[in-house]
Amino acid sequence: MASGKELRTKIKSVENTKKITKAMEMISVSKMRKAQDRMRAARPYSEKVRNIASHLGQANPEYVHSFMKSNDGKSVGYIVVSTDKGLCGGLNTNLFRALTTQLRDNQAAGKSAQAVAVGGKGLGFLNRIGAKVVSHVTQLGDKPHLDKLIGPVKVLLDAFTAGEVSAVYVCYNKFVSTMSQTPVVEQLLPLVATKMDAETKASNTQHAWDYIYEPDAQTVIDDLLVRYVEALVYQAVVENMASEHAARMVAMKAATDNAGNVIGELKLVYNKTRQAAITKELSEIVSGAAAISG
């Protein structure tokens, strides 16, 4: 059995760990609220631009952007949005598992992969599995800016335009609730109207999408699809940040509770050890006194 001094040292160590995890939990609570506000503010715009782009995919304009054309590229591109820091439970692990499944399917189809890493954990994972990382960006902070995102992502978009990449996917964790975050692998390019088709079937209506372009179709479509890509990438980043803080808050709360349980168990062992030592000393005193009086 461990001595009383060793047990006191362990208890002190676990108490210090508990203070750290509690502080991290409170920080994550504060940051999560701001991240959720930022995410909810960006959602209406991203959903609207996605719907307009989907409608555009069903229209028949005189000008067809390269983002709307399929090609036979030998690679598939992935924009992997992950966290820069750890201690957020299985958030990154679940995303990487979904990505690995997708990579295996592509490998079985005879296609290689190119990736853009947004976040330090994603960059480390892609390097470990030997994926080709064409660009990366890390340390975005608590307030991501499009200026830092567009440059690295443009490398993959240019490869798609050149016909080197057949499709581009964005991988991130979608915030559902504080207790639930869902890994998502969503096709970004080529632009397809699958979501709009699903909405049309659900409502049992048919629409013939057509637009009047001013000043011309090329200018409008070029600007719209740039906004489409920017909106979806930015939305993926803010969704992932909100998921990160929620997952870290839950993980740190669980760690704090576990530390409290460990402290309680160690204190129980320490009290038993101390009582055993006191009982032993008393028995020795009584035995000595009996020997002297006898």
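Small disclaimer: the values here were computed from a predicted structure and weren't measured. (Residues numbered from 1 in each chain as written. Predicted model: local features only at pLDDT ≥ 70, side-chain atom pairs only at ≥ 80, totals over all residues. Heavy atoms only, no water.)

Quick word on the packing of helix 4 (residues 146–161) against helix 6 (residues 217–293)
Under the convention used in this document: As a rule, the C-alpha atoms of each element are fitted with a line to give its axis, helices using only the stretch in contact, and angles between N-to-C directions run from 0 to 180 degrees. Note on conventions: DSSP H or I runs of at least 4 residues are helices, E runs of at least 2 residues are strands, and numbering of each starts at the N terminus. By the definition used in this description, the sense in which the near helix is turned from the far one sets the handedness, with an anticlockwise turn below a right angle giving left-handed and a clockwise turn giving right-handed. Should any heavy atoms of two residues lie within 4.5 Å, those residues are considered in contact. Nonpolar residues are Ala, Val, Leu, Ile, Met, Phe, Trp, Tyr, Cys and Pro. Charged residues are Asp, Glu, Lys and Arg, and all others, Gly as well, are polar.
At a minimum axis distance of 10 Å, the contact between helix 4 and helix 6 shows a crossing angle of 115°. Helix 4 and helix 6 meet at a crossing whose hand is right-handed. Residues L146, L149, I150, V153 and L157 of helix 4 touch helix 6, and the partners they reach there are V229, E230, V233, Y234 and V237. For the contact of helix 4 with helix 6, a count of residues per class yields nine nonpolar, no polar and one charged.

Section: a nonpolar patch on the surface
The criterion, for reference: What makes a patch is a set of residues exposed beyond 30% relative accessible area and free of salt bridges, joined within 9 Å when like-charged and within 5 Å when nonpolar (Val, Leu, Ile, Met, Phe, Trp, Tyr). In short, Shrake-Rupley with a 1.4 Å probe defines the accessible areas, and a residue's cover is counted only from the protein chains shown. Criterion for a salt bridge: a side-chain nitrogen of Lys or Arg within 4 Å of a carboxyl oxygen of Asp or Glu.
Taken together, the side chains of I278, L282 and I285 define a hydrophobic patch exposed on the protein surface, amounting to about 290 Å² of accessible area. Tracing the backbone shows L282 in helix 6.

Comments concerning the pattern of salt bridges
Let me state the cut-off plainly: Throughout, exposure labels follow a simple rule: accessible area from a 1.4 Å probe, protein chains only, divided by the maximum for the residue type, with under 20% read as buried, over 50% as exposed, and the rest as partly exposed.
Taken as a whole, this structure holds eight salt bridges when the rule is applied. Note that R50 and E186 form a salt bridge whose closest N and O atoms lie 3.5 Å from each other. Of this pair, R50 sits in helix 1 (residues 4–58) while E186 sits in strand 5 (residues 180–189), placing them 136 residues apart in sequence. The shortest N-O distance in the salt bridge between K154 and D158 comes to 3.1 Å. Of this pair, K154 and D158 both sit in helix 4, four residues apart, which is roughly one turn of that helix. Assessed through its relative accessible area of 44%, K154 is described here as partly exposed.

Examining the nonpolar core
Generally speaking, nonpolar side chains in soluble globular proteins are found buried as a group. Test applied: Buried Ala, Val, Leu, Ile, Met, Phe, Trp, Tyr and Cys residues form a nonpolar core when they are joined through side-chain atoms within 4.5 Å.
With 38 residues, the main nonpolar core has I79, V81, V118, V168, L188, L189 and Y228 as its most contacted residues. Put simply, the parts of the chain that give this core at least two residues each are helix 1, strand 1 (75–81), strand 2 (112–118), helix 4, strand 4 (165–177), strand 5 and helix 6. Discounting residues that sit within four places of it in the chain, L188 has contacts with I79, V168, Y169, Y228, V229, L232 and V233. The next biggest cluster of nonpolar side chains, apart from the first, holds 15 residues, and it includes V76, V80, L123 and C171.

Considering the packing of helix 2 (residues 91–108) against helix 3 (residues 120–128)
In plain terms, the rule: Any angle between 65 and 115 degrees counts as roughly perpendicular, while under 35 counts as roughly parallel, over 145 as roughly antiparallel, and the rest as oblique.
One way to put it is that helix 2 packs onto helix 3 with a least axis distance of 11 Å and a crossing angle of 40°. As the angle between them shows, helix 2 and helix 3 are arranged oblique. As for how helix 2 packs across helix 3, the hand of that crossing is right-handed. For the pair formed by helix 2 and helix 3, the contact residues are N92, F96, L99 and T100 on the first element and K121, G122, F125 and L126 on the second. Looking at the contact of helix 2 with helix 3 residue by residue, the classes come out as four nonpolar, three polar and one charged.

Quick notes on the environment of V64
Relative to the helices and strands, V64 resides in the loop between helix 1 and strand 1. You can call V64 partly exposed: its relative accessible area is 37%. A sequence separation of 188 residues divides V64 from M252, and the C-alpha atoms of the two residues are 50 Å apart.

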